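# Tertiary structure, described
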There are 4 protein chains.
Amino acid sequence: MIAKMRKLPRQTRAHQTVDFILDAAAYILAERGLAGFTTNHIAERAGVNISSLYQYFPNKLAILEALQTRHIATPDDGYAQWLERLRDLSLEEVVRSVVDVALEMHAANPTMHRLFLDTLPRQTRHSHDDFEADRIARIAAILLPKSRAGKDPDMMLFITRHALTWVVHEAVCERPEWLTDPAFRKELVALLVNFLRAD
Amino acid sequence: MIAKMRKLPRQTRAHQTVDFILDAAAYILAERGLAGFTTNHIAERAGVNISSLYQYFPNKLAILEALQTRHIATPDDGYAQWLERLRDLSLEEVVRSVVDVALEMHAANPTMHRLFLDTLPRQTRHSHDDFEADRIARIAAILLPKSRAGKDPDMMLFITRHALTWVVHEAVCERPEWLTDPAFRKELVALLVNFLRAD
Amino acid sequence: MIAKMRKLPRQTRAHQTVDFILDAAAYILAERGLAGFTTNHIAERAGVNISSLYQYFPNKLAILEALQTRHIATPDDGYAQWLERLRDLSLEEVVRSVVDVALEMHAANPTMHRLFLDTLPRQTRHSHDDFEADRIARIAAILLPKSRAGKDPDMMLFITRHALTWVVHEAVCERPEWLTDPAFRKELVALLVNFLRAD
Amino acid sequence: MIAKMRKLPRQTRAHQTVDFILDAAAYILAERGLAGFTTNHIAERAGVNISSLYQYFPNKLAILEALQTRHIATPDDGYAQWLERLRDLSLEEVVRSVVDVALEMHAANPTMHRLFLDTLPRQTRHSHDDFEADRIARIAAILLPKSRAGKDPDMMLFITRHALTWVVHEAVCERPEWLTDPAFRKELVALLVNFLRAD
DNA sequence: TATGAATGAGCGTTCATTCAT
DNA sequence: CATGAATGAACGCTCATTCAT
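Criteria and thresholds
Numbers given for residues are sequential positions, taken from 1 along each chain in its written order. To read the labels, note that chains go from A and ligands from 1, taken in the order they are written. Local features in this predicted model are restricted to residues whose pLDDT is 70 or higher, and side-chain atom pairs enter the listing and the counts only when it is 80 or higher, whereas totals over whole chains, interfaces and linings include all residues. Here the side-chain values reflect all heavy atoms present in the structure, with hydrogen atoms and water set aside. Where helices and strands are cited, they refer to DSSP runs of H or I of at least four residues and of E of at least two residues respectively, numbered from the N terminus. Buried residues are those whose accessible area, probed at 1.4 Å on protein chains only, stays under 20% of the maximum for their type, while exposed residues exceed 50% and partly exposed ones sit between those limits. Any two residues whose heavy atoms approach within 4.5 Å at even a single point are treated as in contact. Here the Shrake-Rupley method, with its probe set to 1.4 Å, supplies the accessible areas, and only the displayed protein chains count as covering residues. A molecule or strand has a residue near it when one of that residue's heavy atoms lies within 4 Å. Think of a polar contact as two N or O atoms within 3.5 Å of one another; within protein, one of them needs to be a possible hydrogen donor and the other a possible acceptor, and neighboring residues in sequence only count if both atoms come from side chains. Amino acid classes used here: Ala, Val, Leu, Ile, Met, Phe, Trp, Tyr, Cys and Pro are nonpolar; Asp, Glu, Lys and Arg are charged; the rest, including Gly, are polar. Lines fitted to the C-alpha atoms define the axes, with helices restricted to the stretch that makes contact. Angles between their N-to-C directions range from 0 to 180 degrees. Put simply, angles under 35 degrees are roughly parallel, angles over 145 are roughly antiparallel, angles from 65 to 115 are roughly perpendicular, and the rest are oblique. By definition, turning the near helix anticlockwise from the far helix through less than a right angle yields a left-handed crossing, and turning it clockwise yields a right-handed one. Where each domain begins and ends is defined by an automated method or by a domain database. Put simply, buried area is the surface a 1.4 Å probe can reach on two separate parts but cannot reach once they are joined, added for both. Only residues with pLDDT of at least 70 in both copies contribute their C-alpha atoms to the least-squares superposition of the copies. We define a salt bridge as a side-chain nitrogen of Lys or Arg found within 4 Å of a carboxyl oxygen belonging to Asp or Glu. Here is the rule: rings of Phe, Tyr and Trp (six-membered ring for Trp) pair when centre to centre is within 6.5 Å. Planes less than 30 degrees apart are stacked, more than 60 are edge-to-face, and the remainder are tilted. Comment: the charge-over-ring label is applied if NZ (Lys) or CZ (Arg) is within 6 Å of the ring centre and within 35 degrees of the ring normal.

Moving on: the overall build of chain A. A tally of regular secondary structure across chain A gives 10 helices and zero strands. N-terminal to C-terminal, the α/β element order of chain A is α-α-α-α-α-α-α-α-α-α. The proportion of buried residues among the 199 residues of chain A is 50%. Partitioning the contacts of chain A with sequence separation of at least 6, the portion at a separation of at least 24 is 73%. Looking at chain A as shown, the accessible area adds up to about 9900 Å², and 51% of this sits on carbon and sulfur atoms.

Given below as structure tokens:
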């Protein structure tokens, strides 16, 4: 968010402007899709002049990225601690915790998550997934030692990661109510635990 | 492919033209993404006049859809028979068979599959997935009786379906070589069987 | 109609083709206006191939002209005789006769006449009016000697001619039922007779 | 002119742009007819970017309408007063006054009036004539009581209105010099007075 | 800092017309 | 004689972006 912005807003008024723009951008993206996602429309909807928009964002893509970035919780200290605590838990407890986090993350603002999943092609989709991947990778590093010894740990990791991610993603799009349903959480845990624990 | 075409090519020359157009469309989509997917570029690349393009396709979207349709194997008689034969198999055997089919389908032309997954947003993606969904749904109807009794069969089905689909999709995009790797197939089977068979 | 056609249809089948084309042209003109009056649409509506159309008409304009020509009664022998007979009548009788002819001409196919008046700009409107003008001019040559001596006979003629023509035209467009109403005819006669006769 | 514009020009520079566009539009319409009346040509001739044109006019038709509107004198207070004064005049004086106004209106800018009459089909012609119709209708309300009692007053009105309008229109197109010729005015008055006063 | 005005490249699409069969 | 296929020029219009106030 910082990296790609032309200049940082120094006054609160400017902060507002940026927020207006991003809100408008979200609205436009939702309402008219990626094709209708035009700087002119965004500016108009935001009630700011198109030139003002370009004062904060160097180009259209930057808006899209800022939009995505705004909805990813940046990992903080709490995260590191949480990660640390996982080490001492059982496989099932770890998985349960991970699944919980994934569900919570998406349950927080499912419409926004869905927006990106629905309108953006894979290529355009922002680091979001990278972030997630990274986190899950770290977690996996904790998980693997607790799991059966598969031939190719990378492969197990890959499957675990994407199965979880995408089943949640599909739920975001098609069964958002499940995101807070304990039964769903239980099934997800079953899916992963049984896979990792092995036969 | 037929449905959405403006008029059917009658002469072989015309058939060629349509093929050129679709080939070019694939090329353009791969090379410049959905944003660069313009009728003018497609026509130019195809070496046909833009008007010829519009003689066969009523608009841009139709080309995209034709492109997707061209790469879906239409279920045939063999499919029905195969489906029938599943009934008498064990859970594990059924899953194995299903996973095999999924892998084969994508292994056949992974670049093409990836093309769509990478460049098209969910919304634009054609019935392909619907097809797949339908098939997997039928299969699931066979699978469920052989599985543990979950609280919500719909949920189990949902998870099974998307876990398989998307792990394969991600493999298409990032580990295409796995599509023919027996180890990958074995892990996938493990994922699903252990989930369905229960805890 | 003959003059501008590329080749004369020799067989009855060809005659039909030409008729189909003109019928379709009329339909298209009525339904989509002059802007939608395209050779492709006409051919399609006529059920003939576009190339066949071009075998009979050298270009689009020719169709439009043929269409207009088809609906002008070409002056024949009866006309000359009728004209001759006018010479011996009184002013009022002549005017009555002229008004009758004008009304009959337009009453015959008012929708067609209206079509041209509504959709074609003055410039594009075919010789129709020229024809009419010519006839009315001849008639005027008979009328004038029977009328008062105005300062500028050309002017009187101009006014008489256009007043009649356009009042009828407007009636065609907005009060087609008047075209056969004796009261309307009587008023038109009054308009012209009182103008020509008097003070 | 205001109604159909996308946004109002705020700076004088913008005002100029709009004027340039309308001037160019008039030129193009005159020079190449309605068929050649393309937004690209207009913009080029106006020396402004095509996008600027679209910033002020939502589409091609709007330009045409603005062009027509620009040349209709909007009825003002003077008009109402003039109308009032007619009430106390004799039939002949009223008609004379009305004819005068009609002639003056068209004499003011005959080429412009001709432009519309020649190039635009009836359907496309703007409210101009409606305006005129409305005014003449009001006037007719004053005229009729002073006239003979015809069977169908609506019919008399119709004839009076269109005879005047179209004879003037034809004069605009073919005898513009007559618009200021007292003889022409006298003949027009004769046409209408003798019709209304009756036989 | 924010606004109105301007711009050029390009897009999707249709048209009148001609060529090959 | 009639058809299917092809073509190039043009059209209306929008986009992301920059300049002048």
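Turning our attention to the protein's contact with DNA strand E. Taken together, 42 residues lie around DNA strand E, and A:Ser51, B:Tyr54, D:Arg10, D:Thr17 and D:Ser51 are the ones closest in. Among atoms of DNA strand E positioned within 4 Å of the protein, sugar and phosphate together represent 59%. A distance of 3.1 Å separates a base nitrogen of DNA strand E from a polar atom in the side chain of C:Asn40. At 2.9 Å from a phosphate oxygen of DNA strand E is found a main-chain nitrogen or oxygen belonging to D:Gln11. Those elements that provide at least two residues to the surface near DNA strand E are helix 3 (50–56) of chain A, helix 2 (39–46) and helix 3 (50–56) of chain B, helix 2 (39–46) and helix 3 (50–56) of chain C together with helix 1 (12–32) and helix 3 (50–56) of chain D. For the surface near DNA strand E, the class distribution of residues is 12 nonpolar, 22 polar and eight charged.

Residues and elements named next belong to chain A. Between helix 9 (residues 153–174) and helix 10 (residues 182–197), the shortest axis-to-axis distance is 10 Å and the interhelical angle comes to 165°. Classified by the angle their axes make, helix 9 and helix 10 are roughly antiparallel. Crossing geometry of helix 9 relative to helix 10 is assigned as right-handed. Side by side, helix 9 and helix 10 meet where Met156, Ile159, Thr160, Ala163, Leu164, Val167, Val168 and Ala171 of the first sit next to Phe184, Leu188, Leu191, Leu192, Phe195 and Leu196 of the second. Classifying every residue of the contact of helix 9 with helix 10 by side-chain character gives 13 nonpolar, one polar and no charged.

Turning our eyes to something else, we now look at the domain arrangement of chain A. Residues and elements named next belong to chain A. Under the domain assignment, chain A is made up of domain 1 (12–69) and domain 2 (77–197). Relative to domain 2, the C-alpha centre of domain 1 lies at a distance of 31 Å. Counting residues at the interface gives 10 residues for domain 1, matched by nine residues for domain 2. It is Leu29, Leu34 and Gln68 that lose the most area in domain 1 upon contact with domain 2, and together they represent 59% of the buried surface on that side.

Attention shifts here to the side chain of A:Thr17. Topologically, A:Thr17 is positioned in helix 1 (residues 12–32). A:Thr17 has contacts with A:Val48 and A:Tyr56, leaving out every residue within four places of it along the chain.

With no contact between them, chain A and chain C keep their nearest C-alpha atoms 29 Å apart. In this structure chain B stays clear of chain D, and the shortest span between their C-alpha atoms is 20 Å.

With that out of the way, let us pick up the relation of the copies chain D and chain C. Think of it as a corkscrew move, a rotation about one axis and a shift along it, taking one chain copy to the other. Relative to chain C, chain D is turned by 180° and slid 0.0 Å along the rotation axis, the superposed coordinates differing by an RMSD of 0.3 Å. Both copies of the chain, as the preceding transformation shows, are related through a two-fold rotation axis. A symmetric contact is evident, with 97% of the interface residues of chain D recurring at the interface of chain C.

To continue, consider the interface of chain D and chain C. Reports often express the size of an interface as the amount of accessible area lost when the parts come together. The interface is formed by 36 residues belonging to chain D together with 37 residues belonging to chain C. The junction of chain D with chain C conceals about 3500 Å² of combined surface from both sides, 63% of it contributed by carbon and sulfur atoms. Of all residues in chain D, the largest losses of buried area upon contact with chain C belong to D:Arg122, D:Met155 and D:Phe158, amounting jointly to 21% of the total for that side. Seen at the junction of chain D and chain C, the total is 10 salt bridges. Of the charged contacts in the structure, one is a salt bridge between C:Arg148 and D:Glu187, with a shortest N-O distance of 2.9 Å. Counting across the chain D and chain C interface gives 12 residue pairs in polar contact (both at pLDDT 80 or more). Looking at the side of chain D that touches chain C, the elements with two or more residues in it are helix 7 (110–119), helix 9 (153–174) and helix 10 (182–197) of chain D.

Residues in close proximity to DNA strand F total 42 residues, the closest being B:Arg10, B:Asn49, B:Ser51, C:Ser51 and D:Tyr54. For DNA strand F, the fraction of protein-proximal atoms (within 4 Å) that sit in sugar or phosphate groups is 59%. At 3.0 Å from a phosphate oxygen of DNA strand F is found a main-chain nitrogen or oxygen belonging to D:Thr39. Counting only elements with at least two residues in the surface near DNA strand F, the list comes to helix 2 (39–46) and helix 3 of chain A, helix 1 (12–32) and helix 3 of chain B, helix 3 of chain C together with helix 2 (39–46) and helix 3 of chain D. Of the residues contributing to the surface near DNA strand F, the split by class is 12 nonpolar, 23 polar and seven charged.

Under the fitted operation, chain B is carried onto chain A by 0.1 Å of movement along the axis and a turn of 180°, and the coordinates agree to an RMSD of 0.3 Å. An overlap of 97% is found between the interface residues of chain B and their copies at the interface of chain A, pointing to a shared contact surface.

With that out of the way, let us pick up the packing of aromatic side chains. As enumerated under the stated definition, the model contains 14 aromatic pairs over all chains in all. When the centroid spacing of 5.3 Å and the interplanar angle of 40° are considered together, the rings of D:Trp178 and D:Phe184 count as tilted. In textbook terms, an aromatic cluster arises when at least three aromatic residues are bridged by ring pairs, as seen for A:Phe158, B:Trp178 and B:Phe184. The ring of B:Tyr56 carries B:Lys7 above its face, with NZ or CZ at 5.9 Å from the centroid.

At the interface, 35 residues of chain B touch 34 residues of chain A. Between chain B and chain A, a total of about 3500 Å² is buried, with carbon and sulfur atoms accounting for 63% of that surface. When the buried surface of chain B facing chain A is broken down by residue, B:Arg122, B:Met155 and B:Phe158 rank first, second and third, together holding 21% of it. For the pair chain B and chain A, the interface holds 10 salt bridges.

All names here are of chain D. Looking at the element boundaries, Gln68 is found in helix 4 (residues 60–69). Take Gln68: its relative accessible area is 2%, and that puts it in the buried class. With sequence-adjacent residues up to four places away left out, Gln68 is seen in contact with Phe116, Leu120, Thr124, Arg125 and His126.

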